[in-house]
Amino acid sequence: MKITDVLRKVVKVCDSVSEWSGKAVSWLLIALIISLVYEVISRHFFNSPTFWAYDISYMLGGTVAFIGGAMALKNKQHVRVDLFYAKLSPRKQAVVDIVLSVLLFFPLLIYGFTNSFAAALLSWERKERIMSGFWQPPIYPLKMIISIAFALLIVQGVGELIRNVLKLLHGREV
């Protein structure tokens, strides 16, 4: 088995993890919509607002946005300013992507992961709760979601880095 075949399999695994995690959390959007519709009906038709809808909405919405980030990276859905990038050859695009991944992407994500994970562990240890509002829900699960999101972005980043190395070697998407 050639090294490029092994690298392609690694890319496929990274892509699968991102795709699976993104699709899995997308189901939370249904719960988010139901809770918001319930809140609107309860507030406007029965003059009885809920005390939990706001907290549920940012927890579910945040989870979808954070975890969905890796899938967005896989599908090239992140914002890119490409004044010059689009005019470059595939090999030159790969060089730009590799350099920026090594110099910016991975250092920032590793920094974000280590700090968010430490904060999540501390929050979990203290059983931290949100002190605003009546409900005071626990926040430590959402803090752990942030760390998981950074980890998923790192996994997809590895796949993208390998994909760009293969593009650099072959001059096209492989």
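Refer to the structure printed above.
What counts and how
Residues numbered from 1 in each chain as written. Predicted model: local features only at pLDDT ≥ 70, side-chain atom pairs only at ≥ 80, totals over all residues. Heavy atoms only, no water. Phe/Tyr/Trp six-rings, centres within 6.5 Å; stacked < 30°, edge-to-face > 60°. Helix = DSSP H or I, 4+ residues; strand = E, 2+ residues; numbered from the N terminus. Buried < 20%, exposed > 50% of the residue type's maximum accessible area, 1.4 Å probe, protein only. Lys NZ or Arg CZ within 6 Å of the ring centre and 35° of its normal. Contact = heavy atoms within 4.5 Å. Patch = residues over 30% accessible without salt bridge, like charges linked within 9 Å, V, L, I, M, F, W, Y side chains within 5 Å. Areas by Shrake-Rupley, 256 points an atom, 1.4 Å probe, with all protein chains shown as cover. Salt bridge = Lys/Arg side-chain N within 4 Å of Asp/Glu carboxyl O. Axes fitted to C-alpha atoms, helices over the stretch in contact; angles between N-to-C directions. Parallel < 35°, antiparallel > 145°, perpendicular 65-115°, else oblique. Left-handed = near helix turned anticlockwise from the far one by under 90°. Nonpolar A, V, L, I, M, F, W, Y, C, P; charged D, E, K, R; others polar.

K.L.:
Hey, could you go over the packing of aromatic side chains for me, with residue numbers and the actual values?
P.N.:
In the structure shown here, the tally under the stated rule is five aromatic pairs. Ring centres 5.8 Å apart and planes at 20° place the aromatic pair Tyr38 and Trp52 in the stacked group. Here Tyr38, found in helix 2 (residues 28-45), pairs with Trp52, found in the loop between helix 2 and helix 3 (53-74); they are 14 residues apart in sequence, far enough to count as distant. Tyr38 gets classed as partly exposed once you look at its relative accessible area, which sits at 48%. Its end group placed over the ring of Tyr140, Lys127 keeps NZ or CZ at 5.4 Å from the ring centre.

K.L.:
Can you lay out the environment of Gln136 for me, pointing to particular residues and giving the numbers?
P.N.:
By the element assignment, Gln136 lies in the loop between helix 4 (90-126) and helix 5 (140-170). Measuring from C-alpha to C-alpha, the distance between Gln136 and Ser21 comes to 28 Å, with 115 residues separating the pair along the chain. Not counting chain neighbours up to four residues away, the residues in contact with Gln136 comprise Arg129, Ile130 and Met131.

K.L.:
I'd like a description of a nonpolar patch on the surface, backed by residues and values.
P.N.:
On the surface, a nonpolar cluster with roughly 700 Å² of combined accessible area is contributed by Val95, Val99, Leu100, Val102, Leu103, Leu104, Leu108 and Leu168. Per element, the largest residue contribution to the nonpolar patch is seven residues, and it comes from helix 4. Here Leu104 shows up in helix 4.

K.L.:
Lay out the packing of helix 2 against helix 3 in plain terms, naming residues and giving numbers.
P.N.:
One way to put it is that helix 2 packs onto helix 3 with a least axis distance of 9 Å and a crossing angle of 160°. Between helix 2 and helix 3, the crossing angle belongs to the class labelled roughly antiparallel. The handedness of the crossing between helix 2 and helix 3 comes out as left-handed. Taken together, the residues of helix 3 that come into contact with helix 2 (itself represented by Leu28, Leu29, Ala31, Leu32, Ser35, Leu36 and Glu39) are Ala53, Ile56, Ser57, Leu60, Gly61, Thr63 and Val64. Residues that form the contact of helix 2 with helix 3 fall into these classes: nine nonpolar, four polar and one charged.

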